[in-house]
Amino acid sequence: MHGTRILEEADRLMTVCNACRYCEGLCAVFPAMEMRRSFSDGDLNYLANLCHACGACYTDCQFSPPHEFDVNVPKTFAIARAESYAAYAWPKAFSGVFARNGIAIGLVAALSVAAFIFGFAAFNDRQVLFGVHTGPGAFYKLMPHKAMVALFGAAFLYAILALAMGVRAFWREIGEPIGMLADPGSLWQAMRDASTFYGFMLCFASTVVATLYHYLFAREALYPWWDLPVVLGTLGGIGLLIGPAGLLAERWKRDPALVDQARTGMDVAFILMLFLTSLTGIALLLWRDTAAMGPLLALHLGVVFALFITMPYGKFVHSIYRYAALVRYARERRMVGHTV
Ligand code: SF4
Ligand code: SF4
């Protein structure tokens, strides 16, 4: 007996797949499945998070619909993942709300913060909001540096805490001790396997490097076009425009049989926020020397804030849970004597 109907279905499919084993070379799910004869709730959520929804096992499967076995591993795992993310979410109260209204919440949060910054600046000094500012400290005329650090530091720390609490719940459910998350061999193997997550972290790291550059050399924005923070930010921004646009297009074209339609809102919300962060950032870069800088900065900061607060409840969490699942998979393979 499993905790939910979808886990019952996942158990049924894994039992069929374990007898068939045709897909064992396709991804990590099937070798991990083969290490088991029965599946607990935690095992099924672990397998669901090893899946990266490529759809190959659905296309290749001789038992997929209309066959009476009705085997659809990607969709079943997508629903199982979404339900488990809601169960792991911290704080609990947010998970359902975000899942249903992700796009609306993201856009309302972005516009509210932008309006707040805009209104605050307009109330204090309209010249600051609509004036032309260039050179060091230009951004901080709109919003003091300390206020910016406090607001976005708090939003970022909240996202990290919520993600950490979710992973902790997942790690416990799949039956691993917390200490194993720090096993260096498994972490390294998982890092090599998790290329998507790795790519995202690379983009994120470029932003952090740019920030460190700013602080270490005590040089305030605005920087010239050729300076490292601007070059990194521009390249990262272009990458994050193309990447999310590609993800949205891919989702649009995806076979509806593979998609968990009920959770479209929150999945799309994260991709949309990522896209809008880049779009408003690049617009800010292009028009930073004009009177549009103030309103554009307010809008960009609002979108970044919304990106942070929606991050723990949307598509982004899969990269974190998948990474944790890959750490466990690397450890399992070592335990059964596979070469890593
Ligand atoms: S998905 Fe289909 S073909 Fe692949 S292992 Fe399962 S039952 Fe076999
Ligand atoms: S859809 Fe998931 S389970 Fe199927 S081959 Fe792709 S990653 Fe593996």
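As the structure is a prediction and not an experimental result, all values here were calculated from the model.

Reading guide: rules and limits
- Each chain carries its own residue numbering, running from 1 in the direction its sequence is written.
- Each chain is given a letter, starting from A, and each ligand a number, starting from 1, according to the order in which they appear as written.
- Predicted model: local features are reported for residues with pLDDT of at least 70 only, side-chain atom pairs are reported and counted for 80 or more only, and whole-chain, interface and lining totals are derived from all residues.
- Heavy atoms from the whole structure form the basis of all side-chain values; hydrogens and water molecules are not counted.
- pLDDT is a per-residue confidence score from the predictor, ranging from 0 to 100.
- The helix and strand labels rest on DSSP assignments: H or I over at least four residues marks a helix, E over at least two residues marks a strand, and numbering proceeds from the N terminus.
- Nearness is judged by heavy atoms alone; a residue qualifies as near a molecule or strand once a single heavy atom is within 4 Å of it.
- Ten residue types, Ala, Val, Leu, Ile, Met, Phe, Trp, Tyr, Cys and Pro, are classed as nonpolar, four, Asp, Glu, Lys and Arg, as charged, and the remainder, Gly among them, as polar.
- For patches, a residue must show more than 30% relative accessible area and have no salt bridge; joins then use 9 Å for like charges and 5 Å for nonpolar side chains, namely Val, Leu, Ile, Met, Phe, Trp and Tyr.
- In short, Shrake-Rupley with a 1.4 Å probe defines the accessible areas, and a residue's cover is counted only from the protein chains shown.
- Should a side-chain nitrogen of Lys or Arg be within 4 Å of a carboxyl oxygen of Asp or Glu, the pair is scored as a salt bridge.
- Buried residues are those whose accessible area, probed at 1.4 Å on protein chains only, stays under 20% of the maximum for their type, while exposed residues exceed 50% and partly exposed ones sit between those limits.
- For this analysis, a polar contact is any N or O atom pair within 3.5 Å, provided that within protein one partner can donate a hydrogen and the other can accept it, and provided that sequence-adjacent residues contribute only side-chain to side-chain pairs.
- Residue contacts follow a heavy-atom distance rule, with two residues in contact if any of their heavy atoms lie within 4.5 Å.
- Lines fitted to C-alpha atoms define the axes here, with helix axes fitted over just the stretch in contact, and angles between the N-to-C directions of these axes take values from 0 to 180 degrees.
- Between 65 and 115 degrees an angle is taken as roughly perpendicular, under 35 as roughly parallel, over 145 as roughly antiparallel, and anywhere else as oblique.
- Put simply, a crossing is left-handed when the front helix is turned counterclockwise from the back one by less than a right angle, and right-handed when it is turned clockwise.
- Geometry of aromatic contacts follows a simple scheme: Phe, Tyr and Trp rings, the Trp one being its six-membered ring, pair when their centres are within 6.5 Å, and the pair is stacked under 30 degrees between planes, edge-to-face over 60, tilted otherwise.
- What a helix is expected to span follows from its residue count: subtract one and scale by 1.5 Å.

> Got a minute to help me understand the confidence of the model for the protein in this structure?
Any segment with low pLDDT has predicted coordinates that should not be analysed in fine detail. A residue-level look at the protein finds 78% of positions with pLDDT of 70 or above and a mean pLDDT of 80. When mean pLDDT is taken per element in the protein, helix α1 (residues 5–20) scores highest with 97 and helix α10 (residues 184–193) scores lowest with 56.

> How should I be thinking about the site of ligand 1 in this particular structure?
Near ligand 1 you find Cys17, Cys20, Arg21, Tyr22, Cys23, Phe30, Cys57, Cys61, Gln62, Phe63 and Val71, and these make up its full shell. When grouped by side-chain class, the residues that make up the shell around ligand 1 number nine nonpolar, one polar and one charged.

> Which parts of the structure should I look at to understand the site of ligand 2?
The environment of ligand 2 is formed by Leu26, Cys27, Val29, Phe30, Cys51, His52, Ala53, Cys54, Gly55, Cys57, Val73 and Pro74. Those elements that place two or more of their residues in the shell around ligand 2 are α2 (29–34) and α5 (73–88).

> Whenever I open this one, a nonpolar patch on the surface confuses me. Can you help?
On the surface, Met35, Met335 and Val336 cluster together to form a nonpolar patch covering roughly 290 Å² of accessible area. Following the sequence through the fold, valine 336 ends up in the segment after α15 (316–335). What makes valine 336 partly exposed here is its relative accessible area of 49%.

> Whenever I open this one, the side chain of glutamate 332 confuses me. Can you help?
Tracing the sequence through the fold places glutamate 332 in helix α15. When its relative accessible area of 11% is taken as the criterion, glutamate 332 is described as buried. One polar contact links glutamate 332 to tyrosine 46, side chain to side chain, over a distance of 2.8 Å. Those residues in contact with glutamate 332 that sit more than four places away from it in its chain are Ala32, Met35, Arg36 and Tyr46.

> How should the packing of helix α9 (residues 145–173) against α15 be read in this particular structure?
Axis angle and axis distance: for two packed helices, these are the angle between their axes and the distance between the axes, and together they describe the pair. At a minimum axis distance of 10 Å, the contact between α9 and α15 shows a crossing angle of 40°. By the angle class used here, α9 and α15 are oblique. Where α9 crosses over α15, the two elements pack in a sense that is right-handed. Contact residues: α9 offers Leu163, Gly166, Val167, Phe170 and Trp171, while α15 offers Phe316, Val317, Ile320, Tyr321, Ala324, Ala325, Val327 and Arg328. For the contact of α9 with α15, the class distribution of residues is 11 nonpolar, one polar and one charged.

> How do you make sense of the packing of aromatic side chains when you look at a structure like this?
Two aromatic rings, taken as a pair, are described by how far apart their centres are and by the angle between their planes. According to the stated counting rule, one finds eight aromatic pairs in the structure shown. Each ring, one from tryptophan 90 and one from tyrosine 158, has its centre 6.3 Å from the other, and the planes form 40°; the classification is tilted. With tryptophan 90 in the loop between α5 and α6 (92–124) and tyrosine 158 in helix α9, this residue pair connects regions lying 68 residues apart in the sequence. Residue classification places tryptophan 90 among the partly exposed positions, given a relative accessible area of 31%. Site record: aromatic cluster; members linked through ring pairs are Tyr85, Tyr88, Phe170 and Tyr321.

> Even after reading the chapter, I still don't get the pattern of salt bridges, so can you show me in this structure?
One side chain can pair with another of opposite charge once the charged atoms of both are near each other. All chains considered together, the criterion is met by six salt bridges. Here glutamate 9 ties to arginine 12 by a salt bridge, and the two come within 2.9 Å at their closest N and O atoms. Of this pair, glutamate 9 and arginine 12 are both found in helix α1, three residues apart, which corresponds to roughly one turn of the helix. For arginine 12, a relative accessible area of 31% translates into the label partly exposed. Across the pair glutamate 34 and arginine 21 runs a salt bridge, and its minimum N-O distance is 4.0 Å. Linking glutamate 34 in helix α2 with arginine 21 in the loop between α1 and α2, this pair joins segments that are 13 residues apart in sequence. Looking at arginine 21, the relative accessible area reads 28%, which means it is partly exposed. Linked through salt bridges whose partners overlap, the residues forming this network are Arg36, Asp43, Arg328 and Glu332.

> Please clarify how α9 should be interpreted in this entry.
At 3.6 residues per turn, the α-helix brings residues three or four places apart onto the same side. Spanning 29 residues, α9 covers 42 Å between terminal C-alpha atoms, matching the ideal 42 Å at 1.5 Å per step. For α9, the complete set of buried residues consists of Met148, Phe152, Ala155, Ala159, Ala162, Leu163, Gly166, Val167, Phe170 and Trp171. Elements in contact with the buried residues of α9: α3 (41–50), α5, α8 (139–142), α14 (293–310) and α15. Positioned one or two residues after α9, glycine 175 has a phi angle of 85°, which is positive.

> Can you walk me through α1 in this structure?
Over its 16 residues, α1 runs 23 Å from end to end, which matches the ideal 22 Å to within 8%, given 1.5 Å per residue. Burial in α1 covers these residues: Ile6, Leu7, Glu9, Ala10, Asp11, Leu13, Met14, Val16, Cys17 and Asn18. Of the surrounding secondary structure, the elements contacted by the buried residues of α1 are α2, α3 and α5. At the exit of α1 stands arginine 21, carrying a positive phi of roughly 65°.

> Please explain the environment of tyrosine 88 as it appears in this structure.
Along the chain, tyrosine 88 turns up in helix α5. Its relative accessible area of 7% is what places tyrosine 88 among the buried residues. Distance in space between the C-alpha atoms of tyrosine 88 and arginine 168 is 8.4 Å, their sequence separation being 80 residues. Within the structure, the side chain of tyrosine 88 is placed 2.4 Å from the side chain of glutamate 173, a separation counted as a polar contact.

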